[in-house]
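For reference, the chains in residue letters:
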Amino acid sequence: MDDFHYEGGGLRCEGVPLSEIAAAAGTPTYVYSHAALERAYTELDSAFSGLDHLVCYAVKANGNLAVLRALAALGAGADIVSGGELYRVMRAGFDPKKVVFAGVGKTEQELMSGLGERILLFNVESASELEHLDRLCARFGKRARVALRVNPDVDAGTHDHVATGRGRDKFGIPVDEALALAERVEDYRCVDLIGIHQHIGSQITKLTPYTESVERSAGLVAELETRGFDIRYFNIGGGLGIPYKDEETPTPKELVDAIRPMLEATGTKILCEMGRYIAGGAGVLMTSVIYRKKSGEKSFIVADAGMNDLLRPSLYDAHHEVLSVDEDGSVANADLVGPVCESGDYLARDRELPDASEGDVLAIMDAGAYGFSMASNYNSRPRPGEVMVKGDSWAVVREREHSAELVKGELVPAFL
Ligand SMILES: Cc1ncc(COP(=O)(O)O)c(C=O)c1O
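Residues numbered from 1 in each chain as written. Predicted model: local features only at pLDDT ≥ 70, side-chain atom pairs only at ≥ 80, totals over all residues.

Asker: What is the right way to look at the overall build of the protein in this model?
Answerer: From N to C terminus, the protein includes 12 helices and 21 strands. A compact globule built from 416 residues should have a C-alpha radius of gyration of about 22 Å, and the protein, at 23 Å, falls within 12% of that. Principal-axis analysis of the C-alpha atoms gives the protein an extent of 70 × 60 × 40 Å. A separation of at least 24 residues holds for 71% of the contacts in the protein among residues at least 6 apart in sequence. (Helix = DSSP H or I, 4+ residues; strand = E, 2+ residues; numbered from the N terminus. Rg over C-alpha atoms; globule rule 2.2 N^0.38 Å. Contact = placed C-beta atoms within 7 Å.)

Asker: Could you clarify how one ought to interpret the domain arrangement of the protein in this entry?
Answerer: Accessible area lost upon the coming together of the parts is a frequently used measure of interface size. You can read the domains of the protein as domain 1 (4-32 + 280-406) and domain 2 (103-272). Taking only C-alpha atoms into account, the centre of domain 1 sits 36 Å from that of domain 2. At the interface, 8 residues of domain 1 touch 5 residues of domain 2. Taken together, the residues of the side of domain 1 that touches domain 2 break down into 3 nonpolar, 4 polar and 1 charged. (Domains from an automatic or database assignment. Nonpolar A, V, L, I, M, F, W, Y, C, P; charged D, E, K, R; others polar.)

Asker: Honestly, the packing of helix α5 (residues 108-117) against helix α6 (residues 127-140) in this entry has me stumped. Any pointers?
Answerer: Put simply, α5 and α6 touch, their axes get as near as 10 Å, and they point 60° apart. As the angle between them shows, α5 and α6 are arranged oblique. Regarding α5 and α6, the two cross each other, and that crossing is right-handed. Between α5, through E108, L111, M112 and L115, and α6, the contact on the second element is made entirely by H132, L133, L136 and C137. Here the residues of the contact of α5 with α6 are counted per class, giving 6 nonpolar, 1 polar and 1 charged. (Axes fitted to C-alpha atoms, helices over the stretch in contact; angles between N-to-C directions. Parallel < 35°, antiparallel > 145°, perpendicular 65-115°, else oblique. Left-handed = near helix turned anticlockwise from the far one by under 90°.)

Asker: What exactly am I supposed to notice about the pairing of strand β20 (residues 385-390) here?
Answerer: For a regular strand, side chains alternate in direction, first toward one face of the sheet and then toward the other. Of all 6 residues that make up β20, 5 are buried, and the element is covered over most of its length. In terms of strand pairing, strand β4 (residues 29-33) meets β20 through 5 bridges, oriented parallel. Within β20, the residue paired with S33 across the bridge is V389. Sheet topology note: the β20/strand β21 (residues 393-398) ladder contains 5 bridges and is antiparallel. For E386, the partnering residue across the bridge sits in β21 and is R398. (Buried ≥ 20, exposed ≤ 12 C-beta atoms within 10 Å, placed from the backbone. Pairing = 2+ DSSP bridges.)

Asker: What should I look at first to understand helix α4 (residues 83-92) in this one?
Answerer: Residues lying three or four places apart along an α-helix face the same way, a consequence of the helix completing one turn every 3.6 residues. For α4, the set of buried residues is E85, L86, V89 and A92. The buried residues of α4 occupy one face: seen down the axis, they fall within an arc of 130°. For α4, the exposed residues set more than 90 degrees away from the buried face come down to G84 and R91. Positive phi shows up at G93, right after α4, with a value of about 95°. (Arc of directions from axis to C-beta.)

Asker: Is there a simple way to think about the sheet that holds strand β3 (residues 16-17) in this case?
Answerer: Sheet strands pair via backbone hydrogen bonds, and the direction of the pair is either parallel or antiparallel. Taken in spatial order, the 3 strands of this open sheet run β1-β2-β3, and their pairing is antiparallel. Every other strand in the sheet has two partners, leaving β1 (4-7) and β3 as the edge strands with one partner each. Relative to strand β2 (residues 10-13), β1 runs antiparallel, the two being bridged by 4 bridges. In the sheet register, F4 faces β2, and the bridge partner there is C13.

Asker: Honestly, helix α1 (residues 18-25) in this entry has me stumped. Any pointers?
Answerer: Listed in full, the buried residues belonging to α1 are L18, I21 and A22. Viewed end-on, α1 has its buried residues packed into an arc of 100°, placing them on one side of the element. For α1, exposure combined with an orientation more than 90 degrees from the buried face picks out A23 and A24. In the stretch just after α1, G26 is the one whose phi turns positive, near 75°.

Asker: Explanation requested: the packing of helix α7 (residues 175-183) against helix α8 (residues 208-226) in the structure shown.
Answerer: Where α7 contacts α8, the two axes come as close as 11 Å, and the packing angle between them is 20°. Overall, the two elements α7 and α8 adopt an arrangement that is roughly parallel. Crossing hand, α7 versus α8: right-handed. The segment α7 lies against α8, with V175, A178, L179 and A182 engaging R216, L220, E223 and L224. In the contact of α7 with α8, the residues fall into 6 nonpolar, no polar and 2 charged.

Asker: Please clarify how unusual backbone geometry should be interpreted in this entry.
Answerer: Excluding glycine, residues mostly have negative phi values, and the peptide bonds linking residues are mostly trans. Residue P28 is bonded to the preceding T27 through a cis peptide linkage, with omega at -5°. Mapped onto the fold, P28 is located in the loop between α1 and β4. With a phi angle near 55°, Q203 is a residue other than glycine that sits in the positive phi range. Positionally, Q203 belongs in the loop between β11 (191-197) and α8.

Asker: Please clarify how the environment of E247 should be interpreted in this entry.
Answerer: Inspection of the secondary structure puts E247 in the loop between β12 (233-235) and α9 (252-266). The class for E247 is exposed, based on 11 C-beta atoms found within 10 Å. Taking C-alpha positions, E247 is 35 Å from G93, a pair spaced 154 residues apart along the chain. Aside from chain neighbours lying at most four places away, what touches E247 is T205 and G241.

Asker: Whenever I open this one, the nonpolar core confuses me. Can you help?
Answerer: A general feature of soluble globular proteins is that nonpolar side chains tend to end up buried together. V31, L37, V146, L148, L336 and L362 are the most contacted members of the largest nonpolar core, which totals 122 residues. Those residues within four positions of V146 in sequence are excluded, and the remaining contacts are L121, F122, V124, L130, V191, D192, L193, I194 and G195. (Core = buried A, V, L, I, M, F, W, Y, C linked by C-beta atoms within 7 Å.)

What follows is the structure in structure tokens.
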């Protein structure tokens, strides 16, 4: 059974009617299914079976402590991109030996925090970062395990904002330069180069970008090994897409089967760092209809969730299915918009949507990844609450923000 499904006249998350959660916790609220998280993680993990591997969850997709705790308990590692994410994963109980740290702009403080926790790998993205890390290690008597993040110059065929592996993107080191940098690594006395990392983009719906990029990066692993390097980890990155609408996306098994011979040939431990695949389908955003309004030919459903709560439609023109929490088949052509003062504040545009009345609750589907984690306080709107469901139980896993939190840390100086 789907983790979100209609039963008894309403939409449920596992065994819990969403209307029950909306009535008790209010809206807008994100609702996450534990079963869906577990299913997606397990599917990924088993796709790699037969290979020495570790699935690192990309925390940026959804960093809620309950989500992290659930994944840590399943044995997942974590892919982080900031000191804040490191703080989260340590709070959630991840084993630091399963944590990999990417990002083009790690600050000295962030590098120090990673060294302090003795994380598994720093995915280094430039010669300057390597130099910096080495200097810090020397100063504080530490050693760092390093993977070079290479830029395989492959177009992932995804939205321009989330393609990260083309030559013109800011991420990683070109393959030939990575080879040259590796040759100089002996000059850096406190770093051990033991891995190669790539991540070519997000919401990838085809296998070719993976097969092409893995071929290039695995070629680099082989070249380094023939030159005497002890490369123990090969990280293929994240990015596997999910069907938001009617996209045909490869399964984890199809992905791994397509690259398995190349992975095997490296003789390394294989890492992957999926975020969206694990969390995307595991969450919905519930929102209540505040008003219906017409403007000429246009019909608007004005909801209490806006672009500050779920940015993806405004930022990427992303599609999310919209369902009625109370089963009701009638539909209307309308825009689902939020209260934010931007014309770009929409959740669905020119679509057949549930013909909802004021007070009805809608569920914006597949909002578990890059939903709350991209939410903001724009228009001084408190960020939504978050709930997790497991079987017939549910709990608030983040309180909805309140007005006092909007001005937290702000000070009015004495000269005013
Ligand atoms: C370095 C890195 N790894 C992993 C991911 C996760 O990507 P996704 O959520 O598409 O799997 C990202 C996101 O862009 C990333 O930047």
